[in-house]
Every structure is written in C-alpha cells, then in structure tokens.
Amino acid sequence: MALYVEGLCKGVPKGGMAQFQTMMRQQLESSMHTELEQLLETTTEAEKEVSKKDFEGFKNLFHRFLQVKGPSVEWIKIQRPPEDSIQPYDKIAARGLPDNVAHSLNKLVVVKLNGGLGTSMGCKGPKSLISVRNENTFLDLTVQQIEHLNKTYNTDVPLVLMNSFNTDEDTKKILQKYTHHRVKIHTFNQSRYPRINKESLLPVATNMGMSGQNSEGWYPPGHGDIYASFYNSGLLDQMMAEGKEYIFVSNIDNLGATVDLHILHHLVSQPNGKRCEFVMEVTDKTRADVKGGTLIQYEGKLRLLEIAQVPKAHVDEFKSVSKFKIFNTNNLWLSLSAIKRLQEQNAMDMEIIVNPKTLDGGQNVIQLETAVGAAIKSFDHALGINVPRSRFLPVKTSSDLLLVMSNLYSLEAGSLTMSPKREFPTTPHVKLGSSFTQVQEYLTRFESIPDMLELDHLTVSGDVTFGKNVSLKGTVIIIANHGDRIDIPAGSMLENKIVSGNLRILDH
C-alpha cells in the first residue's frame, strides 16, 4: 500500500519523502488502532475478549500492508523447485503400508475449511450443506469417510471444522444429526476482520454488530487465518495433548480430498529430526487450471506463487503449462507442533492478498486476506507430492455438480471414485450456461442426470431441458438462441452432435 502513501506525498521535497511516508504510515496505523478501540467499546465483555484476539491479528496484517513496496516476488529470482522437493505420488505409495495403519491414523486430525456460503450457486447458508450426491451434502460425505476409517481400523480420527461467522450457527445446528456417528466433531471460528474503506483506509463498520447495513463491514480473512484461529481456540493444544501430530487440511467442497494412508505413513515414518512439517498436494496442470498457484524455489525456500503476485508482463508465462507444470490442490498435511512453534514465535510468513470489493451501497472497500498454502516457506522440510488428479474434485459450479452427480462416479463410504467403465481417466469438460447457475433451477432442467460415461465435452447454453435417460457421448453442444427453447427428449442419445435453434419435441 506504499502507492497509497505515495499519493499523499505529492509536492513533498525528495529529500524528505521517506520521512514523510513513514510519518503517514504511522498516522494511518494510529488512526486504525483508535477506530478499533472504539469498535470494541460497542460489544459485550464476553465477546470483547474474542474480538481483541481477532484485532491483534488484523493489526499485524494492516501494519504489514502499509509497509508493502512493489511486487512480493522478483521474477528474475524465481527458480524451478529442486527435483526431490516435489515427489511423485507413485514413489510415496510404492513403500506400501505398515501392518499397524491404526498407529498412524491415531496421530491424525482431519480439518475442513467450512467458512464459505453457497451464494455463488444460488443457495443460502453454508456451502457444505448443499446436496451433491443421493441427497448427501458435502458434510455428510466427509463424516461418512471418517466414520468408515474409524470403523475399519478401530481408530479415533476426529473431524474439525473451521467455520466463519457466516456459517457457524447453521453448521452447529446440523451437527446434532451426527451425534451417534463414530466421529468426534469439533468446530472453531476463523477471525472476523473489519473491511477497510478504500479511500480513508479506516473500518467501514460503526459498531461490532452483525445486523443491518453494519453486517457488510466484516469479513472472514481467507483460509490463511487457520493457523492463528486454531491456535487461539485452544483446540491445537487439546489435539496435541491427545497425542495427535498432524492435521490434514482441505476445502470441504473438494470431494477428492480424502485421507490418504500412503501420504500419512510417509509423514509419520520419517526420523524425528527430518520429519516433514508441511506437505502440499499438487497435481498436473491442464488448460483449465492455468490460474492455480504453483510451487517455486525462491531464495532457497519452497514457496507458493499465486497469480496475484505475478507481474503483469509475466502472467502469460505463469499460465504456461510447459513452464509451471503443477498447481496447488489446497490439500495440505501440517505438523501440529510446527504450527504451535511458529505461532508462538510470530514467525508465520504469508503474503497479503488485497481483495477489492464493492458493497451494496456502492462503497469501495478492501479486504486483507492470506492463503493457508503461502505459509509453506515458514516450515522445515516442506515437500510437494504430485498426486493423481482424482484428489482434486472441487464443486464450485453447477457444471462441477453435474459431473459428481453422474454415472462417471460411484459412491462408497462417502468417497467418490471414477467408474471403471469409463475408458479415459480424465473427466469431461462441462460448461453449463447461466440458466443452470442456481442449483434449484439446474435441478429442474434434468428429469434425470444423463449417462456421461463416454462424454468428452458438453456445452449447454440458453433455455434447455433434459428428459429421462438421455445419453451423451463424444462432443455435444446444445445452444438455444434467445427466446427459443430446446427440450432434449427422454431416451435420446446424442453423440458428437451440435443442437441449436428451437428444438421442442412434445409428447403426443
């Protein structure tokens, strides 16, 4: 944000520029601290303690934000990671599993990032409560997976959900239904930070309340907040006291992110002094993943490079599949003792992501966020593991939802696996138009989910509906022009077809 400060410095003699900039930063920081103190006065004593901890993290982020000068990476210093720093999954799996798998599993905690809402898919409430397969929600499938592990190996792997103030209440209500499942479920909340007015660099909220217009004044600061929030919640110490050593962290909407016994065994079987403290699962880039963060070697450390950090002149190079071959799945394996050490030493180093937003009233604000994977450079013996694409199955859109609801996948014990009947290991490329964006509308457009076992590519645009038992093969493009409607009749088989115009077949 040095640029903001520089904007205030016009007309200042060059010799006094640095001094003036420092003074302006101090003034902005002091004003921010005063505003935060005033906000704290508007809440109850009980809530004040939680908010104070949140604000300490925010002050630290804001301080660093004011110091930022120029890009966080110098392109010329970027190097390819050393050969042994990204291991192929096959090499890890080739070691096999020990006789006593339970010994490793009892050292593990599964953490799911559960702070997101389902608004982008037209749903209210937490995204984890959207039904994705046979009436099962993301959360149902997660619980089934861990319960299956605990029953199979007679273990006690707990599930921890990192909620946000957006999802906490609704999630806690639904957790009651898992009381009799063989999974201990814990929750903690990520921080609540104030949105900043883009012009004044001061909070837009006038009090700590979450109702009315003031609700827009707050945001959860990205999943990089997991380290501080998990530590502050007391759960980290509790898990360590129970003999847990590692957490497996992933997005709750990534249906491929199941507990992998081979990666876990690799972690716990290393000698103590050489134990890997951070594993990032990466997978090969395709054309669909060109914006995904990648691993690089930078100043002697393994580091996550996100597209937001790339200078404009090098964006095309960053997107190149030939130079940067892998991307981060956000499936991470982290040492609990390392998180504790880094938190206590205040040594967790993550780049700041400045996320601009426009509020409903038109006001421009910024959110300061961090990403969980960016901390990789702070941990010792960090490692990338190049995993099969099947471990990255995110459901961000209705197009993704169509894939996971189809016969491409079979469901067993909460885990989705590609059907052996499909001849190619890759998933089809599916692109559904805006008429399918909202889940409710999407569901009304399919009388049943089509057979997609032999599909390569599907594009659907406009007012299109599908009857029962439709089969799609090869490349299928269906485009209903504006004002037209296309009904694909029950029992149709479309193979390498383009359907356009106004095709409407009525029963008679």
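Scroll up for the structure.
Described below are features of the structure shown in this document. Remember, predicted model here, so these are calculated numbers, not experimental data.

1. Observations regarding the overall build of the protein
Phase 1 of the analysis: Helix and strand counts for the protein stand at 14 helices and 25 strands.
Phase 2 of the analysis: Relative to the globule expectation of 23 Å for 508 residues, the C-alpha radius of gyration of the protein, 25 Å, shows essentially globular dimensions.
Phase 3 of the analysis: Oriented by its inertia axes, the alpha-carbon framework of the protein measures out at about 80 × 60 × 50 Å.
Phase 4 of the analysis: Expressed as a percentage of the 508 residues in the protein, the buried residues total 50%.
Phase 5 of the analysis: Counted over contacts in the protein with a minimum sequence separation of 6, partners at least 24 positions apart contribute 70%.
Phase 6 of the analysis: Carbon and sulfur atoms make up 50% of the accessible area of the protein, which amounts to about 24,200 Å² in all.
Phase 7 of the analysis: For the protein, the separation between the mean place of its 55 positive charges and that of its 57 negative charges on side chains is 3 Å.

2. Describing the sheet that holds strand β16 (residues 364-369)
Phase 1 of the analysis: Spatially, β8-β16-β15 is the arrangement adopted by the three strands of the open sheet, whose pairing is antiparallel. What marks the edges here is a single partner per strand, and that holds for β8 (196-197) and β15 (353-358).
Phase 2 of the analysis: Pairing of β8 with β16 involves two bridges; the strand directions are antiparallel. Each bridged residue has a counterpart across the sheet, and for asparagine 197 the counterpart in β16 is valine 365.
Phase 3 of the analysis: Sitting on the sheet, helix α3 (residues 45-67) is in contact with β8, β15 and β16, with an inclination near 105° to β16.

3. Quick word on the pattern of salt bridges
It is possible for side chains of opposite charge to pair when their charged atoms get near one another.
Phase 1 of the analysis: Summed over all chains, the structure comprises 28 salt bridges.
Phase 2 of the analysis: Between lysine 77 and glutamate 299 there is a salt bridge whose closest N-O contact spans 3.0 Å. Placement of lysine 77 in the loop between α3 and β1 (86-88) and of glutamate 299 in the loop between β12 (294-298) and β13 (301-305) is noted, with a sequence separation of 222 residues between them.
Phase 3 of the analysis: Across the pair aspartate 380 and arginine 341 runs a salt bridge, and its minimum N-O distance is 3.7 Å. With aspartate 380 in the loop between β16 and β17 (383-386) and arginine 341 in helix α12 (residues 336-344), this residue pair connects regions lying 39 residues apart in the sequence.
Phase 4 of the analysis: The class for aspartate 380 is partly exposed, based on a relative accessible area of 35%.
Phase 5 of the analysis: Each member of the salt-bridge network shares a partner with another, and the members are Arg303, Asp349, Glu351 and Lys377.

4. Here's the deal with the packing of helix α8 (residues 226-233) against α12
Phase 1 of the analysis: α12 packs onto α8 with a crossing angle of 95° between their chain directions and a minimal axis gap of 10 Å. In terms of orientation, α8 and α12 fall into the roughly perpendicular class. Here Tyr227, Ala228, Phe230 and Tyr231 of α8 lie close against α12, whose contacting residues are Leu336, Ile339, Lys340, Gln343 and Glu344.
Phase 2 of the analysis: Residues of the contact of α8 with α12, tallied by class, amount to six nonpolar, one polar and two charged.

5. A word on the sheet that holds strand β21 (residues 451-461)
Phase 1 of the analysis: Across the sheet, which stays open at both edges, the four strands sit in the order β20-β21-β23-β25 with parallel pairing between neighbours. Looking along the sheet, the strands with just one partner apiece sit at the ends: β20 (429-432) and β25 (493-501). With strand direction ignored, the average angle separating the axes of adjacent strands in the sheet is 15°.
Phase 2 of the analysis: Docked against the sheet, helix α13 (residues 398-405) engages β20 and β21, running at close to 130° with respect to β20.

6. A word on the pairing of strand β14 (residues 326-335)
Phase 1 of the analysis: Burial analysis of β14 places ten of its ten residues in the buried class, which makes it a mostly covered element.
Phase 2 of the analysis: Relative to β14, strand β10 (residues 246-251) is paired through four bridges, and the arrangement is antiparallel. Looking across to β14, one finds that phenylalanine 248 is bridged to tryptophan 333.
Phase 3 of the analysis: Pairing analysis gives seven bridges linking strand β11 (residues 278-284) to β14, with the strands arranged antiparallel. Residue pairing in the sheet places methionine 280 in a bridge with leucine 332 of β14.

7. What to know about the pairing of strand β6 (residues 185-189)
Phase 1 of the analysis: Residue alternation in β6 divides its side chains into a buried set, His186 and Phe188, and an unburied set, Ile185, Thr187 and Asn189.
Phase 2 of the analysis: Where strand β5 (residues 159-163) lies against β6, five bridges are found, and the strand directions are parallel. Bridge assignment links leucine 161 to a residue of β6, and that residue is threonine 187.
Phase 3 of the analysis: Handedness of the crossover joining β5 and β6 through helix α7 (residues 168-175) is recorded here as right-handed.

8. Here's the deal with α12
Phase 1 of the analysis: What α12 keeps buried is the set Leu336, Ala338, Ile339, Leu342 and Gln343. Projection of α12 onto a plane perpendicular to its axis shows the buried side chains occupying an angular sector of 160°, all on one side.
Phase 2 of the analysis: Against the buried residues of α12 lie α8, α9 (235-241), β10 and β14.
Phase 3 of the analysis: Two residues or fewer past α12, asparagine 346 is found with a positive phi of approximately 50°.

9. Points about the packing of aromatic side chains
Phase 1 of the analysis: Following the criterion strictly, the structure yields 15 aromatic pairs and no others.
Phase 2 of the analysis: Taking NZ or CZ as reference, lysine 285 lies 4.9 Å from the ring centre of phenylalanine 318, over its face.
Phase 3 of the analysis: Lying across the ring of tyrosine 298, arginine 303 places its NZ or CZ 4.6 Å from the centre.

10. Structural notes on the environment of glycine 125
Phase 1 of the analysis: Assignment of secondary structure puts glycine 125 in the loop between β2 (108-114) and β3 (131-133).
Phase 2 of the analysis: Separated by 92 residues in the primary sequence, glycine 125 and glycine 217 place their C-alpha atoms 19 Å from one another.
Phase 3 of the analysis: Setting aside anything within four residues of it in sequence, one finds glycine 125 in contact with Leu117, Gly118 and Asp170.

11. Things to note about the environment of valine 68
Phase 1 of the analysis: In this fold, valine 68 is placed in the loop between α3 and β1.
Phase 2 of the analysis: With a relative accessible area of 35%, valine 68 lands in the partly exposed category.
Phase 3 of the analysis: When the C-alpha atoms of valine 68 and isoleucine 352 are compared, they prove to be 9.0 Å apart, with 284 residues separating the residues in sequence.

12. Concerning the side chain of asparagine 254
Phase 1 of the analysis: Note on placement: asparagine 254 falls in the loop between β10 and α10 (261-268).
Phase 2 of the analysis: Residue asparagine 254 is classed as buried on the basis of its relative accessible area of 4%.
Phase 3 of the analysis: Setting aside anything within four residues of it in sequence, one finds asparagine 254 in contact with Thr329, Asn331, Arg391, Phe392, Leu393 and Pro394.

13. Considerations on the environment of arginine 445
Phase 1 of the analysis: On the secondary structure map, arginine 445 appears in the loop between α14 (439-444) and β21.
Phase 2 of the analysis: Distance from arginine 445 to asparagine 114, taken between C-alpha atoms, is 29 Å for residues 331 residues apart in sequence.
Phase 3 of the analysis: Excluding anything up to four places from it in sequence, arginine 445 contacts Ser435, Phe436, Gly462, Asp463, Val464, Thr465 and Phe466.
Phase 4 of the analysis: For arginine 445, the side chain forms a polar contact with the side chain of glutamate 441, separated by 3.1 Å.
Phase 5 of the analysis: Of the polar contacts made by the side chain of arginine 445, one reaches the backbone oxygen of valine 464; its length is 2.9 Å.

What counts and what doesn't
- Residues numbered from 1 in each chain as written.
- Predicted model: local features only at pLDDT ≥ 70, side-chain atom pairs only at ≥ 80, totals over all residues.
- Heavy atoms only, no water.
- Helix = DSSP H or I, 4+ residues; strand = E, 2+ residues; numbered from the N terminus.
- Rg over C-alpha atoms; globule rule 2.2 N^0.38 Å.
- Buried < 20%, exposed > 50% of the residue type's maximum accessible area, 1.4 Å probe, protein only.
- Contact = heavy atoms within 4.5 Å.
- Areas by Shrake-Rupley, 256 points an atom, 1.4 Å probe, with all protein chains shown as cover.
- Lys, Arg positive; Asp, Glu negative; His and termini not counted.
- Charge placed at Lys NZ, Arg CZ, Asp CG, Glu CD.
- Pairing = 2+ DSSP bridges.
- Axes fitted to C-alpha atoms, helices over the stretch in contact; angles between N-to-C directions.
- Salt bridge = Lys/Arg side-chain N within 4 Å of Asp/Glu carboxyl O.
- Parallel < 35°, antiparallel > 145°, perpendicular 65-115°, else oblique.
- Nonpolar A, V, L, I, M, F, W, Y, C, P; charged D, E, K, R; others polar.
- Right-handed = clockwise from strand over helix to strand, strands pointing away.
- Arc of directions from axis to C-beta.
- Phe/Tyr/Trp six-rings, centres within 6.5 Å; stacked < 30°, edge-to-face > 60°.
- Lys NZ or Arg CZ within 6 Å of the ring centre and 35° of its normal.
- Polar contact = N/O pair within 3.5 Å; in protein donor to acceptor, adjacent residues only side chain to side chain.

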